Amino acid sequence: MSSPLTLNSILGSVPAFIDACHAELTRCGFDAPSLGCEMDHVCYRTETTAEYRAVLDALVPAAGEVLVESMIGGRPIATVRLHRPVSHSGYSVSCVEVPCPKEGSPYRSGLEHAEIVVGSMDDGVEGNARVRAFVEECERLGLGFKFKTGAMNKEVNADVSHAFALEDGRRATIKFHARPLYEVVEWEKEHDAVVAVPADYFK
């Protein structure tokens, strides 16, 4: 009789990935839990469309529910809200983002990024004022982040990112945005901004 699937058996060790991200944040001089900054989600990359569907089938409904599956950048991305958030090292991760592979942008399977919330409810999900202010604060404090700012001018859910290497050699990223992904999803639903996955996409 096979063992029941767990979040870690589906995605790999989520706590170990949180620890790796926290170690990098600390190395850069940023103690997210002490500052009350939420790690709202982690992202699991898949190498094939078949793997994407298999991961979602394993996660839902056993470990969580799909908040949204929508077309972003020409392929589906699903956001799964966990039944039980992963509480570890001062963080409580409530969602998993699973992108379907994008042609011309390959990734190895595995946990690839985490996102940190650096804003308040008043900042909302639109615009980038809070993210810009965060970058300026980090520069003023001399923190060790090397930000990529290509996504900082998005109209909704703007972010900046910092890349680092995991022990297994894979590249990982920590992103910083004003509000958590589950709030972004709710905003998208309320503003009819969700682009449905075509019925024949997986055929």
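For the structure given in this document, a descriptive report is provided here. (Residues numbered from 1 in each chain as written. Predicted model: local features only at pLDDT ≥ 70, side-chain atom pairs only at ≥ 80, totals over all residues. Heavy atoms only, no water.)

## A look at the overall build of the protein chain
Selection criterion: What counts as a helix is a DSSP run of H or I of at least four residues, what counts as a strand is a run of E of at least two, and both are numbered from the N terminus. When we talk radius of gyration, it's over C-alpha atoms, and the globule rule is simply 2.2 Å times the number of residues to the 0.38. Burial classes: relative accessible area under 20% of the type maximum marks a residue as buried, over 50% as exposed, and values in between as partly exposed (1.4 Å probe, protein chains only). Any two residues whose heavy atoms approach within 4.5 Å are treated as being in contact. We get accessible surface area from the Shrake-Rupley algorithm with a probe of 1.4 Å; when it comes to residues, only the shown protein chains can shield them. His is not counted, nor are the chain ends; Lys and Arg add positive charge and Asp and Glu add negative charge. In plain terms, the charge of a residue is placed at NZ if it is Lys, CZ if Arg, CG if Asp and CD if Glu.
In terms of helices and strands, the protein chain carries five helices and seven strands. Helices (α) and strands (β) of the protein chain occur, in sequence order from the N terminus, as α-α-β-α-β-β-β-β-α-β-β-α. A compact globule built from 203 residues should have a C-alpha radius of gyration of about 17 Å, and the protein chain, at 17 Å, falls within 12% of that. Within the span of the protein chain, comprising 203 residues, buried residues form 47% of the whole. A separation threshold of at least 6 residues defines the contact pool for the protein chain, and within that pool the share at least 24 residues apart is 67%. Looking at the protein chain as shown, the accessible area adds up to about 10500 Å², and 50% of this sits on carbon and sulfur atoms. Positive and negative charge centroids in the protein chain, built from 20 and 30 side chains respectively, lie 4 Å apart.

## Digging into the nonpolar core
Formally: To qualify as a nonpolar core, a set must consist of buried Ala, Val, Leu, Ile, Met, Phe, Trp, Tyr and Cys residues joined through side-chain atoms within 4.5 Å.
With 48 residues, the main nonpolar core has Leu11, Phe30, Leu59, Ile116 and Phe176 as its most contacted residues. Apart from residues no more than four positions distant in its own chain, Phe176 is found in contact with Leu25, Phe30, Ile116, Val118, Val131, Phe134, Phe145, Phe147, Ala158, Asp159, Val160 and His162. One finds Val68, Val125, Leu181 and Trp187 within the second-largest nonpolar core, a separate group that totals nine residues.

## Points about the sheet that holds strand 6 (residues 159-165)
So the rule is basically this: One bridge is not enough; two strands pair if DSSP finds at least two bridges between them. Axes, fitted as lines to C-alpha atoms, cover a helix only where it is in contact. Angles between the N-to-C directions of the axes lie from 0 to 180 degrees.
Pairing within the open sheet is mixed, and its seven strands lie in the order 2-3-4-1-5-7-6. Pairing within the sheet leaves two strands with one partner each, and these edge strands are strand 2 (64-72) and strand 6. Direction aside, neighbouring strands of the sheet carry axes that sit 25° apart on average. As paired elements, strand 2 and strand 3 (residues 75-88) share eight bridges and run antiparallel to each other. Each bridged residue has a counterpart across the sheet, and for Gly64 the counterpart in strand 3 is Leu82.

## What to know about helix 2 (residues 14-27)
Every α-helix winds through 3.6 residues per turn, so residues three or four apart in the chain are directed the same way. What counts is decided by this rule: Each helix should span, by expectation, one fewer than its residue count multiplied by 1.5 Å. Think of it as the arc spanned by the lines of direction from the helix axis to the C-beta atoms. Pairing of N or O atoms within 3.5 Å defines a polar contact, subject to two protein rules: one partner must be a possible hydrogen donor and the other a possible acceptor, and residues neighboring in sequence count only if both atoms are side-chain atoms.
End to end, helix 2 covers 20 Å across 14 residues, agreeing with the expected 20 Å (1.5 Å per residue, within 8%). Val14, Phe17, Ile18, Cys21, Glu24 and Leu25 are the residues of helix 2 that are buried. Taken around the axis of helix 2, the buried residues stretch over an arc of 125°, which confines them to a single face. Among the residues of helix 2, the N-terminal cap falls to Ser13, whose side-chain oxygen and the backbone nitrogen of Ala16 are separated by 3.1 Å. Looking one or two residues beyond helix 2, the residue adopting positive phi is Gly29, at roughly 90°.

## Some remarks on the packing of aromatic side chains
Here is the rule we go by: Two aromatic rings, drawn from Phe, Tyr or Trp (for Trp, its six-membered ring), form a pair once their centres lie within 6.5 Å of each other, and the interplanar angle then sorts them: stacked below 30 degrees, edge-to-face above 60, tilted otherwise. Two conditions define a charge sitting above a ring: the NZ of Lys or the CZ of Arg must be within 6 Å of the ring centre, and it must be within 35 degrees of the ring normal.
Per the counting criterion, the structure on display carries 10 aromatic pairs. Ring geometry for Phe147 versus Phe176: centroids 5.8 Å apart, planes at 90°, classification edge-to-face. In this pair, Phe147 sits in the loop between helix 4 (129-141) and strand 6 while Phe176 sits in strand 7 (residues 171-177), placing the two residues 29 residues apart along the sequence. Note on accessibility: Phe147 and Phe176 belong to one class, buried. Connected via pairs of aromatic rings, a cluster forms that spans Phe30, Phe134, Phe145, Phe147 and Phe176. One cation-aromatic arrangement involves Arg45 over Tyr107; the distance from NZ or CZ to the ring centre is 3.8 Å. Across the ring face of Tyr182, the terminal group of Arg81 is positioned such that the distance to the ring centre comes to 4.3 Å.

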